[in-house]
Amino acid sequence: MQFYNLKEPDEVVSFSQAVKQGLGKNQGLFFPASIPAFDNVDELLSLPLVERSVQILKPFVASCLTEEQLKQIVTKAFNFPAQLQPISENQSILELFHGPTLAFKDFGARFMAQCLQVFSKDQKITILTATSGDTGAAVAHAFHGLDNIDVVILYPKGKISLLQEKMFTTLGGNIKTVAVEGSFDDCQAMVKQAFDDKAFAKQVGLNSANSINISRLLAQICYYFEALAQLSRQKSKLGDVVFSVPSGNFGNLTAGLFAKAMGLPIKRFVAATNANDTVPRYLQTGEWSPNETVATISNAMDVSNPNNWPRVEHMIKSGIVDECVSSVSIDEEQTQTGVIQLNKLGYISEPHAAVAYKALKYSSEEGEHGIFLGTAHPAKFKDVVESILGQPIGLPKELADCAGETILSVDLPADFDQLKTYILA
Ligand SMILES: *Cc1c(COP(=O)(O)O)cnc(C)c1O
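Residues numbered from 1 in each chain as written. Predicted model: local features only at pLDDT ≥ 70, side-chain atom pairs only at ≥ 80, totals over all residues. Heavy atoms only, no water.

Identification of the chain as Threonine synthase from Thalassotalea agarivorans is taken from an unreviewed UniProt entry. One UniProt comment on the chain, placed under Pathway (unreviewed entry), says "Amino-acid biosynthesis; L-threonine biosynthesis; L-threonine from L-aspartate: step 5/5." The heading Catalytic activity (unreviewed entry) in the UniProt record of the chain holds the text "O-phospho-L-homoserine + H2O = L-threonine + phosphate". (UniProt positions renumbered as here; feature names shortened; annotations may be inferred.)

Time to look at empty space enclosed by the protein. If you roll a probe as big as a water molecule over the atoms, it shows you where there is empty space left. Under the counting rule described, the total for this entry stands at two cavities of 30 Å³ or more. The space that makes up the largest cavity amounts to roughly 260 Å³. A breakdown of the residues in the lining of the largest cavity according to their chemical character gives seven nonpolar, 14 polar and three charged. Each pocket or cavity is described by its volume, and for the second largest cavity that value is around 30 Å³. (1 Å grid on protein atoms, 1.4 Å probe; cavity = no way out; pocket = protein on both sides within 12 Å on 5 of 7 lines; lining within 4 Å. Points joined across faces, edges and corners; volume = space filled by probe spheres on them. Nonpolar A, V, L, I, M, F, W, Y, C, P; charged D, E, K, R; others polar.)

Another point: the site of the ligand. Around the ligand, the surrounding shell holds 15 residues, and the nearest of these are K105, D134, G248, N249 and F250. Between K105 and the ligand, the recorded distance is 2.5 Å, taken from a side-chain N or O atom to an oxygen atom. Placement of the ligand is best described as lying within the largest cavity. Counted by class, the shell around the ligand contains six nonpolar, seven polar and two charged residues. (Near = heavy atom within 4 Å. Polar contact = N/O pair within 3.5 Å; in protein donor to acceptor, adjacent residues only side chain to side chain. Sits in = over half its atoms within 2 Å of the grid points.)

With that settled, the discussion passes to the UniProt feature "modified residue: N6-(pyridoxal phosphate)lysine" (unreviewed entry) in the chain. The feature "modified residue: N6-(pyridoxal phosphate)lysine" (unreviewed entry), as given by UniProt, occupies K105 in the numbering adopted here. Tracing the chain through its elements places K105 in helix 5 (residues 105-119). On the basis of relative accessible area, K105 is assigned to the buried category, the value being 12%. (Helix = DSSP H or I, 4+ residues; strand = E, 2+ residues; numbered from the N terminus. Buried < 20%, exposed > 50% of the residue type's maximum accessible area, 1.4 Å probe, protein only.)

Another aspect to go through is the sheet that holds strand 11 (residues 268-273). Strand order across the open sheet formed by six strands is 4-5-13-10-11-12, with mixed pairing between neighbours. Each edge of the open sheet is held by one strand with a lone partner, namely strand 4 (83-88) and strand 12 (325-329). Ignoring which end each strand starts from, the neighbouring axes of this sheet average 25° apart. Taken strand by strand, helix 12 (residues 278-285) contacts strand 11 and strand 12, and its axis lies near 125° from that of strand 12. (Pairing = 2+ DSSP bridges. Axes fitted to C-alpha atoms, helices over the stretch in contact; angles between N-to-C directions. Contact = heavy atoms within 4.5 Å.)

Encoded structure:
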């Protein structure tokens, strides 16, 4: 299958090229030329995760990877489970945080790293990525120690939790981390500038591993299928399934829409945001007017100019999916209430999932089964969760291991020229 640039549709590339390039000309996002639809979804759902995921991904990657290569990549990338936990009679959480960095981004980042390892033979690659929290850790761990690939991660200084920071700034080796004096959007703007500097991009083999990379999105399709596979084992009848997706850059939602377009029976989606509500306001007023990014306790979603939105909009406007997305903004107080309500139901959660849970509650309809995505382990937001619940929560091994390590980041202002000098040094 080929992939085309949504902004410059004449630019058509293979899967491997789309993965290596990240962004197309004029900062356009790559999009599959067609979306395969399965008429044997029930059969697919009966397969184990890795085998099913190979079948889901095969049509997208077949021109660049053999089925055997794909199977090896998926086996290495998805070496941890996604778990659907019932919360109530008609609500479940899909726990996506059982990977090495305890966040759903492990799925996409590990799949991408394994693909790039195959595609980057004898050719040096520099991954430059901006993170508002979890991308950094997932990317750093996914690429750590891979030959021929250097990783540079930008993050907004002082705006992510100490534990989050420790999860990706302490690895060293081929992983370089930069604390930028600015917001996440400033970091993202510097990444875009780097790609615009063609000579520089070519010189260092620049690649972005954030959620604009199509490989990450494709990987994320797989756990929507896994959710329904588990739900159909837990319930005799699937009914109307609704996903509530805690959204920042809207990559996760994009993957869900792909799953629906491929034939997975999903009725609709709720795109849940925190106070950074560009999308819910846009869906209400038709006006795209991002505000200044505000800091919230669900900080991985502190994004006011979500970079995957053009893909979502394309899928709806071109009829690839029906009008199946509503969007709700959840404020800080409601987020805290969500964490408390979930705790009363016997479930310790964290702010991102709580945003999705509250958004789901507001929009649930009779006869629906709601699944909200648990995008991070509560221990990653230990301080916030402990202060909301007034009770201590334990640290899983992954976090305890890095808590005592030294942060190796350098500080830089939000200035591309200084970043360039640093990378070239
Ligand atoms: C990245 C992230 C999100 C937002 O996902 P997008 O695909 O950017 O919308 C939500 N929750 C957590 C914990 C994250 O790390």
